[in-house]
Every structure is written in structure tokens, then in C-alpha cells.
Amino acid sequence: MAKLNIESIRKQFPVLHQNVNGKPLIYFDNAATTQKPLSVINAIRDFYEHDNSNIHRGVHTLAERATTAFEATRKTVQQFINSKESEEIIFTKGTTDSINLVAQTFGKANLKSGDEVIISAMEHHSNIVPWQMICEEKGAILKVIPINDAGELLMDDPIAIGFEKLLSPKTKIVSVVYVSNALGTINPIKNIIEKAHAVGAKVLIDGAQAVSHLDIDVQELDCDFLVFSAHKLYGPTGVGILYGKLELLESMPPYQGGGEMIKEVTFEKTTYNDIPYKFEAGTPNIADVIAFKYAIDFVNEIGKEEIRNYENELLSYCVNRLLELNNSITNNPITFIGTSKNKISVLSFTINGMHHFDVGMMLDAKGIAVRTGHHCTQPLMKFFGIDGTIRASFAVYNTKQEIDVFVEAIERLVKFIK
Amino acid sequence: MHATSLRIKMKTTTDIQNEIIENFSLFEDDMESRLFYLMDLGKKLPVMPDEHKTEDYIVKGCQSKVWLYPEIVDGKVIFEADSNTEITKGLVYLLVQLWNNRTPDEILNTDLYFIDKIGMSRMIGSQRSNGFASMIKQMKMYAVVYKEKVKSL
Ligand SMILES: Cc1ncc(COP(=O)(O)O)c(C=O)c1O
């Protein structure tokens, strides 16, 4: 394994170099949003300083530059997930926006009373609520793939109604998360996609947590839709991606009406633009889309495999140190939530006798940022019989030294409550 | 010696606030120690009977669960309190320590200067500061209600 130069990677992230509550910031909330490298920050500034203009409209030089840069990001995303055509890449506001788009267009056009949509027990609210809304409207039924205690989907369980038993010709859409934001579990989506296609269903993959860690090839996966957010991939907020297969996107009705998405407008009738523009009504988030390219370049330059290997190293180091601590204390106060072997660098746990709010605040007092609460997965928390966890999630700029500081803070806490 | 002079004089709300300020100042800017101290204070709250921990006595506007149960005894308000989180327990302890066994007027006339002096909002953040404000409001509400009751007797 090529050794990453973490020091030089950290230098690219200005936000990391500050004190919080008098202590050096330790940012372990990367599953919520990652920090942004200088190249991304500079790209936003450069755009407004030199190229600011609306896109696809003017013939003047600035409009030309802005349009070229905007479309360059589309190409970069296409290569990043290996889609066949760049028209298959649609810019949205984020994962949530992308899922709502599919539910309100593809869902609206294809669901009818009695049809079924399958999601899983570990979905983020943004992959639950849009489907509930369209199911309610259409009289369709939402089915949920159950999980086991380790936080893994039940696929072909002999007793429980796992994924395979849920599938039927009534299944029209399967929408599942690739990697769970609350648990870190990597789901067997290749298998899910194959089985769903066998009954004629289309599959949406929520890749929000997957894209910064796993190699994604939409042609190899054969998913029908893939959605993710730039801000969890070292990119800006307010930019999301919807990948859809060309023929599906072409057959789908438009989402929002307005400028950019039309071919011709008369008061009697409007004809719609071709994809991707059909789904990009109005002036988009130009600067942030342009800057997103630099985030993908950042990841590509280091290499996803290197990033993944390093993050896995951090994860096992942290798990081992916390296990050691847990075993040294009589009543083993730490419980890990989500213990699948197949995980990315997300570590969720609870501490017996201490509310997660308090833990979050105590860690913040030491400059450590973690996420506490239900992580927008209330049904999942209910399954585990808890109302939240403490979640540390690692990115490529985190270090073992930071984990040491984190574990020492947890140690003081568990010794306090003992 | 006269019998009454042996009775320990009850501290005023000003005395108590000054003590709180002094105790927190010992930790200077060490936020973690301050919060550990706050959680230690929470442990001093007398156990609150479960039958008083009902929906009616939950403080609205707190993210954590906080119960405040008031009674009036000899014209003074007695508070029982508890919370499901340790830091919040410490917060409600500060207020109970200050206002337990006071007349409604004493409660309503207290100038709460200790909160700013100990840098509360920086210590507990904005969400919990709002929750803390809700506890104060609730306790003052009870004082207003008892004051009215006493008047109408
Ligand atoms: C798995 C998953 N899906 C969806 C989302 C929603 O993403 P966004 O808020 O960027 O729309 C998140 C973000 O937390 C997530 O982790």
C-alpha cells in the first residue's frame, strides 16, 4: 500500500487548522459533511472574481467560460461513476432533491394502486418520506427490507420476510442505500439490483455515503438511478447528482417547470428540452457545480483505494482502542451499533448511563466534533431500541493521533459515570 | 445565647449566585472540567418520585426531558426536578439550589446575573441555552400562579 502523506493532505484543508474550545479541532463528523480542500474553495472564489455569468444563454465570453466549466463538471462526474453518456448526469440540490425528483416523475408516471415500492430498514429519512408521499398519492404500498442485529439487510432469510420474499411482479421500484449513514454497513446492492430486475422493477441507489469511499461503476452495477450529494465528497453544499439511464430519463415527465428546461413555449403548449436540461429548470448553482469538479479531482488524485485503505485502518484502530477501553471497565458501558464486517469508516455507539447529547457536548468541550442523535434514521434507531447514537466518521485527513485524543475523552467519560 | 441566633441564616439568592460564579471560575476556560462539574452538581438532586414525572410536569422547549414538580409549603415554593441527561440535570440543579424554598416574590424578583457571568451560553451552546431559559420561565410561571393563589385566599 502506497503511504499517503496525511500531513500534506491536511494542509489542503484550511478549516482543520483552528482551535475549538481552546483545543485543536478534531473533525469526526464527515458522514454529515466533509470539509473542503483549498482547490474547491478557490474555484468558487475564482468563478465569482473572473467568470461569473449565467450559463447556456449568452453568447458573450463570460457566458461561454461559465458554460464550459459547468459542463466540464458533468463530464467529470460521468467519468467518476462511469456512466455511458454525460446526458445521464443531472445536477440537483442534493441527494434529497434527487430522490424527490425520481419519486415525483418516474414514480408518478409508473406507480398505480396496488403496486409496491421496496426500501430498507436502514434508510435515511430522505429515502423514506418521498416514497411515502408518492405511495400515498398513488395507492401504492411501501415495503421494508428488515435487518439483523448486526445492522445487515436480510436478503434470503429462511424465516424472516427478507428482500427476496418481498419481491414480486407488483414491485415497481426498489430504493436502497448503498452505505448506511448511521451504521456504516455496505449493502449487497449488486445482488439487490439483479434480483429486482428479474421481477421487472427499477432500482435507485442512494449513494450519499458510498461515493467518497467506494468505487462506483453504474454500468457494472446496472442500477437505474444513482443519487448523491457533492458536500459529502469534499465538494460544496447545494449540489447533488442524479444519474439515470438514458432511456428512463427520456421517458420521464419533467419535474419543475421554468427556464432552461424548455424547447419552445407558447401559451397553448410547451415542448420540453432534451435531457439533462429537461430536469434542470431555472438558473442552477453554477459556482458550486463548477467547484465540485475540483473535489472529484482531489479524490482521484489521491485514489479511492488509497483513501479507503487508510480510512479502514483508522476505523479498526478506533474500534480496537474502544474495545480495549470497554473491556477494562467492569460493566462494559460501550455498545457498538452496526457491527457488520462489511463497513466503511463510520463508528456508531452508545454509552450506558450517559445520554448521547451529553457525550456530544463533552467531546465538543475538547474540540472534537462528532454527530449525536438519530442521524435522520428514526425507524432504524427504533429497531435497536435507542433514541440515538454517538457517531464518529472518518475521512482521509483524520489521524490516529486524533483518535487517541477522542478515546481518552471517552475514557474520562466512562470513568466519570462508573 | 439567644435561641434564634443559632439558626443558620438562609443564604440569599445573591449569595448563591456569587458562589456559583466563584465555583465555575475555578475551572477558568477548561470546558470539559466545567461540564464534569455541572454533571457532578446534577448528582446532588434529591431523587424525584416517579409519580411526579408525568407529562404535565415536563418542561416544554427542552430537547432533553426535564421534569419540574412544584409545591407550596408555608408560602414557599418547593421544587422537585429531574432530567434524562446528566448535563441538563446539572442545569436544573443550579436553579433548584437557587429557588427552592423561596417565596414567589423572591423568585420573581431575582436578577439572574450568574448565567452571563459564568459564560453559560458558550458552555452549553444555543440549543441547551434555550432549554435552560424554558426551565427558568417554567419556574417563574409556577411562582406567578402561587402568588395569585395566595392573594385569592
Ligand atoms: C444515506 C444518506 N442519504 C441521504 C442523505 C441526504 O443528503 P442531503 O441532505 O445532502 O440531501 C444523507 C445525508 O445525511 C445520507 O447520509
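Fair warning: this is a prediction, and the values are worked out from it, not measured in the lab. (Residues numbered from 1 in each chain as written. Chains lettered and ligands numbered in written order. Predicted model: local features only at pLDDT ≥ 70, side-chain atom pairs only at ≥ 80, totals over all residues. Heavy atoms only, no water.)

J.: I would appreciate a short explanation of the overall build of chain A in the present structure.
T.: Summing up its helical and strand segments, chain A has 14 helices and 17 strands in all. Taken against the 2.2 N^0.38 rule, which gives 22 Å for 418 residues, the C-alpha radius of gyration of chain A at 22 Å falls within 12% of a compact globule. Dimensions of chain A, computed from the C-alpha atoms along their principal axes, are close to 75 × 60 × 40 Å. Evaluated residue by residue, chain A yields a buried proportion of 56% over its 418 residues. Partitioning the contacts of chain A with sequence separation of at least 6, the portion at a separation of at least 24 is 72%. Carbon and sulfur atoms make up 51% of the accessible area of chain A, which totals about 17,000 Å². With 41 positive and 50 negative side-chain charges, chain A shows a spacing of 3 Å between the two charge centroids. (Helix = DSSP H or I, 4+ residues; strand = E, 2+ residues; numbered from the N terminus. Rg over C-alpha atoms; globule rule 2.2 N^0.38 Å. Buried < 20%, exposed > 50% of the residue type's maximum accessible area, 1.4 Å probe, protein only. Contact = heavy atoms within 4.5 Å. Areas by Shrake-Rupley, 256 points an atom, 1.4 Å probe, with all protein chains shown as cover. Lys, Arg positive; Asp, Glu negative; His and termini not counted. Charge placed at Lys NZ, Arg CZ, Asp CG, Glu CD.)

J.: I tried to follow the interface of chain B and chain A on my own but got confused; where do I start?
T.: Note on interface size: it is often stated as the accessible area lost on association of the parts. Counting from both sides, the interface comprises 17 residues of chain B and, opposite them, 14 residues of chain A. Between chain B and chain A the total buried area reaches about 1,500 Å² when both faces are included, carbon and sulfur atoms providing 64% of it. Linking chain B with chain A are three salt bridges, by the criterion used here. Here Asp358(A) makes a salt bridge to Arg128(B), at a shortest N to O gap of 2.8 Å. Looking at the side of chain B that touches chain A, the elements with two or more residues in it are helix 3 (31–42), helix 4 (86–99) and helix 7 (120–152) of chain B. In the side of chain B that touches chain A, the residues fall into seven nonpolar, four polar and six charged. (Buried area = accessible area lost by both parts, 1.4 Å probe. Salt bridge = Lys/Arg side-chain N within 4 Å of Asp/Glu carboxyl O. Nonpolar A, V, L, I, M, F, W, Y, C, P; charged D, E, K, R; others polar.)

J.: Which parts of the structure should I look at to understand a negative patch on the surface?
T.: Residues and elements named next belong to chain A. A contiguous patch of negative charge on the surface is contributed by Glu85, Glu87, Glu247 and Glu250. For Glu87, the location among the structural elements is in the loop between helix 3 (61–81) and strand 4 (89–92). Of the residues examined, Glu87 reaches a relative accessible area of 32% and is grouped as partly exposed. (Patch = residues over 30% accessible without salt bridge, like charges linked within 9 Å, V, L, I, M, F, W, Y side chains within 5 Å.)

J.: Would you mind showing me how to read the site of the ligand here?
T.: Residues and elements named next belong to chain A. With respect to spatial proximity, the complete set of residues near the ligand consists of Thr95, Thr96, His124, Ser126, Val177, Asn181, Asp206, Ala208, Gln209, Ser229, His231 and Lys232. Within the side chain of Gln209, an N or O atom sits 2.7 Å from an oxygen atom of the ligand. Coverage of the ligand by the protein amounts to 85% of the 390 Å² it exposes when considered alone. The residue inventory of the shell around the ligand, partitioned by class, reads two nonpolar, eight polar and two charged. (Near = heavy atom within 4 Å. Polar contact = N/O pair within 3.5 Å; in protein donor to acceptor, adjacent residues only side chain to side chain.)

J.: Can you walk me through the sheet that holds strand 6 (residues 141–145) of chain A in this structure?
T.: In a beta sheet, neighbouring strands pair by backbone hydrogen bonds and run either parallel or antiparallel. Residues and elements named next belong to chain A. Reading across the sheet, the seven strands line up as 4-10-9-8-7-5-6 and stay open at both edges, with mixed pairing between neighbours. Among the strands making up the open sheet, the edge pair consists of strand 4 and strand 6. When strand polarity is set aside, the average angle formed by the axes of neighbouring strands in this sheet is 20°. As defined by bridge partners, strand 7 (residues 171–177) adjoins strand 8 (residues 202–206) across five bridges and the pair is classed as parallel. (Pairing = 2+ DSSP bridges. Axes fitted to C-alpha atoms, helices over the stretch in contact; angles between N-to-C directions.)

J.: Help me out: how do you make sense of the side chain of Glu88(A) in this one?
T.: Residue and element names in this part refer to chain A. Here Glu88 shows up in the loop between helix 3 and strand 4. Lys84 is the oppositely charged side chain nearest to the buried, salt-bridge-free Glu88, at an N-O distance of 6.0 Å. A distance of 3.2 Å separates a polar side-chain atom of Glu88 from the backbone nitrogen of Lys84. Within polar-contact distance, the side chain of Glu88 engages the backbone nitrogen of Leu246 at 3.0 Å. Not counting residues within four places of it along the chain, the set of residues in contact with Glu88 comprises Ser83, Leu242, Tyr243, Gly244, Lys245, Leu246 and Leu249.

J.: Would you explain the domain arrangement of chain A in this entry?
T.: All names here are of chain A. According to the domain assignment, chain A consists of domain 1 (6–29 + 303–417) and domain 2 (41–301). Just the C-alpha atoms count here: the centres of domain 1 and domain 2 sit 29 Å apart. Taken together, the contacts link 35 residues of domain 1 with 34 residues of domain 2. Of the roughly 2,600 Å² buried between domain 1 and domain 2 on both sides combined, carbon and sulfur atoms contribute 59%. When the buried surface of domain 1 facing domain 2 is broken down by residue, Lys304, Ile344 and Leu380 rank first, second and third, together holding 25% of it. Put simply, Arg308 and Asp215 hold a salt bridge, and the shortest N to O gap is 3.0 Å. If you list the elements that add at least two residues to the side of domain 1 that touches domain 2, you get helix 11 (304–327), strand 14 (346–351) and helix 13 (378–384). (Domains from an automatic or database assignment.)

J.: What should I look at first to understand the packing of helix 3 of chain B against helix 7 of chain B in this one?
T.: Any two packed helices are characterised by how steeply their axes cross, that is the angle between the axes, and by the distance between the axes. Residue and element names in this part refer to chain B. Remark: helix 3 packs on helix 7, axes separated minimally by 10 Å, with the N-to-C direction vectors making an angle of 75°. In terms of their interaxial angle, helix 3 and helix 7 are classed as roughly perpendicular. Across from Met31, Arg34, Leu35 and Leu38 in helix 3, the residues of helix 7 making contact are Arg122, Met123 and Ile124. Its residues assigned to classes, the contact of helix 3 with helix 7 shows five nonpolar, no polar and two charged. (Parallel < 35°, antiparallel > 145°, perpendicular 65-115°, else oblique.)

J.: How should the nonpolar core be read in this particular structure?
T.: As a rule of thumb, soluble globular proteins bury nonpolar side chains together. Residues Leu322(A), Phe406(A), Ile410(A) and Phe114(B) are the most contacted members of the largest nonpolar core, which totals 155 residues. With 11 residues, the single largest contributor to this core is helix 10 (residues 286–302) of chain A. Summarising the domain contributions, this core has at least three residues from each of domain 1 (6–29 + 303–417) and domain 2 (41–301) of chain A. Not counting the four nearest positions on each side in its chain, Ile410(A) is found in contact with Leu322(A), Leu325(A), Ile334(A), Phe349(A), Ile351(A), Val359(A) and Leu363(A). (Core = buried A, V, L, I, M, F, W, Y, C linked by side-chain atoms within 4.5 Å.)

J.: Is there a simple way to think about the sheet that holds strand 16 (residues 371–373) of chain A in this case?
T.: Residue and element names in this part refer to chain A. Pairing is antiparallel in the open sheet, where four strands are placed in the order 13-14-17-16. Whereas interior strands pair on both sides, the edge strands pair on one side only; in this sheet they are strand 13 (334–337) and strand 16. Looking at each pair of strands side by side, their axes are set apart by 30° on average, direction ignored. For strand 14 and strand 17 (residues 389–393), the ladder comprises four bridges, and the chain directions are antiparallel. Note that in strand 17 the partner of Ser348 across the bridge is Arg391.

J.: Any chance you could explain helix 14 (residues 400–417) of chain A here in plain terms?
T.: Given 3.6 residues per helical turn, the α-helix brings residues three or four places apart onto the same face. With 18 residues, helix 14 of chain A should reach 26 Å at 1.5 Å per residue; the first-to-last C-alpha distance of 26 Å fits that figure. Among the residues of helix 14 of chain A, those classed as buried are Glu402(A), Ile403(A), Phe406(A), Val407(A), Ala409(A), Ile410(A), Leu413(A), Val414(A) and Phe416(A). (Expected span 1.5 Å × (residues − 1).)

J.: Could you clarify how one ought to interpret the packing of helix 12 (residues 356–365) of chain A against helix 3 of chain B in this entry?
T.: As a packed pair, helix 12 of chain A and helix 3 of chain B sit with axes 7 Å apart at the nearest point and diverge in direction by 150°. Considering their axes alone, helix 12 of chain A and helix 3 of chain B lie roughly antiparallel with respect to each other. The interaxial crossing formed by helix 12 of chain A with helix 3 of chain B has left-handed handedness. Where helix 12 of chain A approaches helix 3 of chain B, its residues Met361(A), Met362(A) and Ala365(A) are matched on the opposing element by Met31(B), Glu32(B), Leu35(B), Phe36(B) and Met39(B). Classifying every residue of the contact of helix 12 of chain A with helix 3 of chain B by side-chain character gives seven nonpolar, no polar and one charged. (Left-handed = near helix turned anticlockwise from the far one by under 90°.)

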